[in-house]
Amino acid sequence: MMTSFVQGSPVKALIVEDTAVHALILSTILRKFHCEITMAENGNEAVQLFLEGKKFDIIFCDKDMPVMSGPETIEKIRALGESHVKIVGISADYDAQEAFVSAGADVFLPKPMKFDVVGPMIQEVINKKNNSMV
């Protein structure tokens, strides 16, 4: 009999978000998938994590933040050679999609975050991670 549980190491998620309530909503969703969550309040903090050698499987990045914007953050992370990490741009501004995608984001999600949209993305990352361990 197979027991259903998340196999392998947990998905390492980075939330780059300056608004506490949005970070909380997203981290609540991610916890349901047993993700290992790291928070950064702005893009500069996020870039520093990569410079320190931290690795993530998925990044959720807000657009409008102090210090460094979401698209600028994504460009810097991609420039560090982080091509495998899945990057999700998030914003309440529907016009943000173009800025995110041209900066190197894989996908854009409008706020508010919804479980039925974020869930399949996390599942995809879990599946990819488990397949690469085989």
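Remember, it's a predicted structure, so these values are computed and weren't measured experimentally.

Cut-offs and rules
- Per chain, residue numbering runs from 1 following the sequence as it is written.
- With pLDDT at 70 or above as the cut-off, local features in this predicted model cover only qualifying residues; side-chain atom pairs require 80 or more to be listed or tallied, and sums for whole chains, interfaces and linings still use all residues.
- Calculated side-chain values reflect all of the structure's heavy atoms, with hydrogen atoms and water omitted.
- Residue burial is assigned from relative accessible area. The probe radius is 1.4 Å, only protein chains are included, and a residue is buried under 20% of its type maximum, exposed over 50%, and partly exposed in between.
- In this text, helices come from DSSP runs of H or I with a minimum length of four residues, and strands from runs of E with a minimum of two, each type numbered from the N-terminal end.
- This arc is taken over the directions from the axis of the helix to the C-beta atoms.
- Any two residues having at least one pair of non-hydrogen atoms within 4.5 Å are treated as being in contact.
- Contacts described as polar in this section are N or O atom pairs within 3.5 Å, which, within protein, must combine one atom able to donate a hydrogen with one able to accept it, while residues neighboring in sequence count only if both atoms come from side chains.

Undergrad: Residue-level account of helix 2 (residues 43-51), with values.
TA: Of the positions making up helix 2, those classed as buried are G43, A46, V47, L49 and F50. In an axial view of helix 2, the angular spread of the buried residues amounts to 150°, which keeps them on one side of the axis. Elements in contact with the buried residues of helix 2: strand 1 (12-16), strand 2 (36-40), strand 3 (58-62) and helix 3 (70-79). Between the side-chain oxygen at the start of helix 2 and the backbone nitrogen of N44 there is a gap of 3.0 Å, and the oxygen is on N42.

Undergrad: Break down unusual backbone geometry for me, citing the residues and quoting the values.
TA: Residues K111 and P112 are joined by a peptide bond in cis, for which omega reads 0°. Mapped onto the secondary structure, P112 falls in the loop between strand 5 (107-110) and helix 5 (115-133). Backbone geometry at H34 places phi at a positive 55°, although glycine is not the residue there. Counting through the fold element by element, H34 comes out in the loop between helix 1 (20-31) and strand 2. The exposure class of H34 is exposed, given its relative accessible area of 53%. The phi dihedral of V67 is positive, around 75°, even though this residue is not glycine. The exposure class of V67 is exposed, given its relative accessible area of 64%.

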